[in-house]
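Analysis of the macromolecular model
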Amino acid sequence: MSRVQSLATFALLLVVLIVVAFPFYWMVLSSFTPREALFQPPYRFFRLDFSLGNYRELLFATEFVRFFFNSLIAAVGAIVLNVIAATLAGYGLTRFAFAGKKPFAFGTLFSYMFPPMLMAIPLYILFSALQMRNTYTGLILAHMAISLPLNIWLMWQYFQIVPLSLEEAAWTSGASRLAALRQVCLPSARPGVLSVAIFSFALSWNDFTFAFILQTDRHMFTLPVGLASFVEQTGVHWGMVMAAAVLVSVPTFLLVFFLQRYLLSGLRATG
Amino acid sequence: MAFAVRLEHLDKRFGRGARAVHAVHDLSLDIGEREFFTFVGPSGCGKTTTLRMIAGLEAPTSGRIWFGDTDVTALPPQKRDIAMVFQDVALFPYMTVHDNIGYPLRIAGLPRTQVTEKVEKVAATLGLSDKLGQKPGQLSGGQQQRVAIGRAIIKEPKVLLMDEPLSALDARLRVEMRTEILRLHRELSATIVYVTHDQVEAMTMSTRVAVMDQGRTLQIDPPRVIFRRPADMTVATFIGTPAMNVIPVAVVTTPSGLAIELLGRRVPVAPRHHAALQGLERVEAGIRPQGLRLVPPGPDRITGRVFLREPLGLEDEVLVETADGTRVKAVTAAGDEFGEGAAVGLDLAPRDLCLFHPDSRITICNSLD
């Protein structure tokens, strides 16, 4: 490649990088800018009037911590239940022959295509009847309804590449089916399990629709809904909203940062 | 004979209807205590299916399996006193060699120190002592297979099942591991049930061999008997290298009794076989390449021309084309006077000839004497 070409590529990448990264930069910058300075011209790209005021207000004057906690419970619950359910279902699909297996597998993927809103309203009626609105269980189940189909599909694919003879070796060594699954199959399908965990987290953490419709009690709001309520009720306190946005992205960032190695190897295994 | 494993009218079908595969036909046999019993046959003959049924990995369609006086037909593999070595080794890639070998004991709930103690002992007999900390991926093929064998023998199973354990290894290692497995069989007091498509493995290692083809068991006998007195033409041609020559011959009546017309030469059949040949005009005659001797051509001999000569070292394999165009294989001393293209005579002893029924392929006699 010639020097000009590589320079052009570099310039193009730089433009893309700026487009992608600038909102994040602006978010972080605004979150540290005092309220009164935020809308005072001139609007500069670099500011030095650093302040933790927005964060202080967010953490102590609002229910942010409560929302954060709710989101965390829902996300952790969704991760744990998704991993268990998707693992068992995926394993069952790979290792057992049963009537209607193919339709089940395709139905699973098909149900993933429904928009959340289409399911949220029936769920509202159902959960009202079961008195499961404004509960963590209800929210976690709702989140599983959108993430589990793809997760089952994912684990199904992963278990197909784990040789059956590994399990048979475990069985003839005396291991029960469940022990063989845990000790022999799962380690081989670890990238799949991590993909399931991350996908479940992302869907739960970012979900607005289900939380908005099912969690009507302000005490049970998750972050996306809670943040939206900031916008409506207190006028728009942009500095604080930006501070909240920063804190919301921290868990996502940490998760991806620490698991990217496994995620990438997982992508290679499926691709 | 006290038996370790008894198979009773074992039958296995895969699938249903028109596409069903009848993998094992009505198989009944006893495997003795401490026996080295081998199932041999071409791929798809049902030998691995049979082994998997003994292991409990496959359920028979009908029939029963006994371990001693326990009916294990309905028991899962975990509840049978077995261990198995797999064709593709099947080591757990995420565990060290130590953990792989010790896995059956850890499953059985033995304390860690005892597991380590036994693992070290097994590793020592298999020459793996310095590999215990490594992962299977870091080992050579032969070492991996040794680890798999270690994992199988550590819990001292009553029946050790081996499914083509050497087929993934190169020729040299295969011979080495053959000796190793024989040594283990002598040291352990286990019954070994072994599956292979390699007749040399079957013949050299086993106390008894079952030859299978297309789901049917053709013969169950010690290797020597299988070689000397094959039950039918399939067994005769499958066992032995190079393969037995089979030539269609006419049965003729001579003043001195019955004889066969073999490649232009008349070979008399001893009177004790006459009854079996009654009513047959044509039969198949078999002779092993080792039974044919190359001699100078002359009258009263089968004559032909050396078509191809393959040096094997001490001996050469020679393909001879006889006057009527039939090609037969013979084994002769390396570099004797009959080069390619040379005219040659073939000498044979009537006791080396065997006859098979042309339709049922069953052996009529294993010697014309």
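Calculation criteria
Residues numbered from 1 in each chain as written. Chains lettered and ligands numbered in written order. Predicted model: local features only at pLDDT ≥ 70, side-chain atom pairs only at ≥ 80, totals over all residues. Helix = DSSP H or I, 4+ residues; strand = E, 2+ residues; numbered from the N terminus. Buried ≥ 20, exposed ≤ 12 C-beta atoms within 10 Å, placed from the backbone. Contact = placed C-beta atoms within 7 Å. Domains from an automatic or database assignment. Pairing = 2+ DSSP bridges. Axes fitted to C-alpha atoms, helices over the stretch in contact; angles between N-to-C directions. Nonpolar A, V, L, I, M, F, W, Y, C, P; charged D, E, K, R; others polar. Parallel < 35°, antiparallel > 145°, perpendicular 65-115°, else oblique. Left-handed = near helix turned anticlockwise from the far one by under 90°. Core = buried A, V, L, I, M, F, W, Y, C linked by C-beta atoms within 7 Å.

1. Description of the overall build of chain B
- A tally of helices and strands in chain B yields nine helices and 21 strands.
- Counting over 369 residues, chain B shows a buried share of 40%.
- Restricting the contact set of chain B to residue pairs at least 6 apart, pairs at least 24 apart contribute 63%.

2. Describing the overall build of chain A
- On a plain count of helices and strands, chain A comes out with 13 helices and zero strands.
- Seen in sequence order, chain A has helices and strands lined up from the N terminus as α-α-α-α-α-α-α-α-α-α-α-α-α.
- Projected onto its principal axes, the C-alpha coordinates of chain A cover approximately 75 × 65 × 30 Å.
- Taking all 271 residues of chain A together, 34% fall into the buried category.
- Contacts in chain A between residues at least 24 apart in sequence constitute 77% of all its contacts with a sequence separation of at least 6.

3. Quick notes on the domain arrangement of chain B
- The domain architecture assigned to chain B consists of domain 1 (3-229) and domain 2 (245-365).
- Each of domain 1 of chain B and domain 2 of chain B has a C-alpha centre, and these two points are 40 Å apart.

4. Thoughts on the sheet that holds strand β15 (residues 293-295) of chain B
All names here are of chain B.
- In space, the five strands of this open sheet follow the order β15-β19-β16-β17-β18, with antiparallel pairing throughout. The two strands at the open ends of the sheet, each matched to only one other strand, are β15 and β18 (327-333). Between one strand axis and the next, the sheet turns through 50° on average, direction left out of account.
- Pairing of strand β17 (residues 315-322) with β18, which is carried by seven bridges, proceeds in the antiparallel orientation. Opposite glutamate 317, over in β18, you have valine 331 as the bridge partner.

5. Considering the sheet that holds strand β1 (residues 3-14) of chain B
Residues and elements named next belong to chain B.
- Here four strands make up an open sheet; going across it, the order is β2-β1-β4-β5 and the pairing antiparallel. Unpaired on one side and paired on the other, β2 (21-32) and β5 (70-71) mark the two borders of the sheet.
- Sheet topology places strand β4 (residues 62-67) next to β5; two bridges connect them, and they run antiparallel. Residue phenylalanine 67 lies in a different strand from β5, and its bridge partner there is threonine 70.

6. Let's talk about the pairing of strand β16 (residues 302-311) of chain B
Residue and element names in this part refer to chain B.
- Bridge count between β16 and strand β19 (residues 343-347): four bridges; the pairing is antiparallel. By the bridge assignment for β19, glycine 304 is matched with valine 344.
- Sheet topology note: the β16/β17 ladder contains seven bridges and is antiparallel. In the sheet register, arginine 309 faces β17, and the bridge partner there is valine 318.
- Taking the residues that link successive antiparallel strands as the turn, the β16-β17 hairpin has three residues, and the phi of glycine 313 there is positive, at about 120°.

7. Quick word on the interface of chain A and chain B
- Contact with chain A, which involves 15 residues of that partner, is made by 18 residues of chain B.
- Broken down by secondary-structure element, the contributors of at least two residues to the side of chain A that touches chain B are α8 (164-172) and α9 (177-188) of chain A.
- It is α8(A) that provides the largest number of residues to the side of chain A that touches chain B, a total of six residues.
- In the side of chain A that touches chain B, the residues fall into eight nonpolar, six polar and one charged.

8. Comments concerning the packing of helix α4 (residues 141-153) of chain B against helix α5 (residues 171-187) of chain B
Residue and element names in this part refer to chain B.
- Where α4 meets α5, the closest approach of the two axes is 11 Å, and the angle between their N-to-C directions is 20°. Between α4 and α5, the crossing angle belongs to the class labelled roughly parallel. For the pair α4 and α5, the sense of crossing is right-handed. The segment α4 lies against α5, with Gly141, Gly142, Gln145 and Ile153 engaging Leu173, Met177 and Leu184.
- In the contact of α4 with α5, the residues fall into four nonpolar, three polar and no charged.

9. Some details on the environment of Arg106(B)
Residue and element names in this part refer to chain B.
- Secondary-structure assignment places arginine 106 in helix α2 (residues 97-107).
- Taking the number of C-beta atoms within 10 Å as the measure of exposure, arginine 106 has 18 and is therefore partly exposed.
- For the pair arginine 106 and threonine 116, spaced ten residues apart in sequence, the C-alpha separation works out to 9.9 Å.

10. Some points on the nonpolar core
- One finds Met155(A), Leu161(B), Val193(B) and Val211(B) to be the most contacted residues of the largest nonpolar core, which totals 152 residues.
- Residue contacts for Leu161(B): discarding those within four places in its chain leaves Leu51(B), Ile54(B), Ala55(B), Ile82(B), Met84(B) and Val193(B).

11. Digging into the environment of Val184(A)
- You can see Val184(A) is positioned in helix α9.
- Each C-alpha atom, one on Val184(A) and one on Val162(A), is 9.1 Å from the other, the two residues being 22 residues apart in sequence.

12. Brief notes about the packing of α2(B) against α4(B)
Residue and element names in this part refer to chain B.
- Orientation of α2 relative to α4, taken along the N-to-C sense of each, is 30°, at an axis distance of 6 Å. Considered as vectors, α2 and α4 are oriented roughly parallel to each other. Crossing handedness for the pair α2 and α4: right-handed. Here Val97, Asn100, Ile101, Tyr103 and Pro104 of α2 come into contact with α4, specifically with Val147, Gly150 and Arg151.

13. As for the environment of Val236(A)
Residue and element names in this part refer to chain A.
- Relative to the helices and strands, valine 236 resides in the loop between α12 (223-233) and α13 (238-270).
- In this structure valine 236 comes out as exposed when scored by C-beta crowding, with 11 C-beta atoms within 10 Å.
- Expressed as a C-alpha distance, the spacing of valine 236 and phenylalanine 60, which sit 176 residues apart in the sequence, is 18 Å.

14. Structural notes on unusual backbone geometry
Residues and elements named next belong to chain B.
- A cis amide bond links threonine 241 with the next residue in sequence, proline 242, at an omega value of -15°.
- Residue position: proline 242 is located in the loop between α8 (233-238) and β11 (245-254).
- With a phi close to 45°, glutamate 156 is a non-glycine residue in the positive phi region.
- Inspection of the secondary structure assignment puts glutamate 156 in the loop between α4 and β7 (159-163).
- One non-glycine residue, glutamine 214, lies in the positive phi region at around 50°.
- Turning to its location among the elements, glutamine 214 is positioned in the loop between β9 (208-213) and β10 (216-221).
- Classification of glutamine 214 as partly exposed rests on a count of 14 C-beta atoms within 10 Å.

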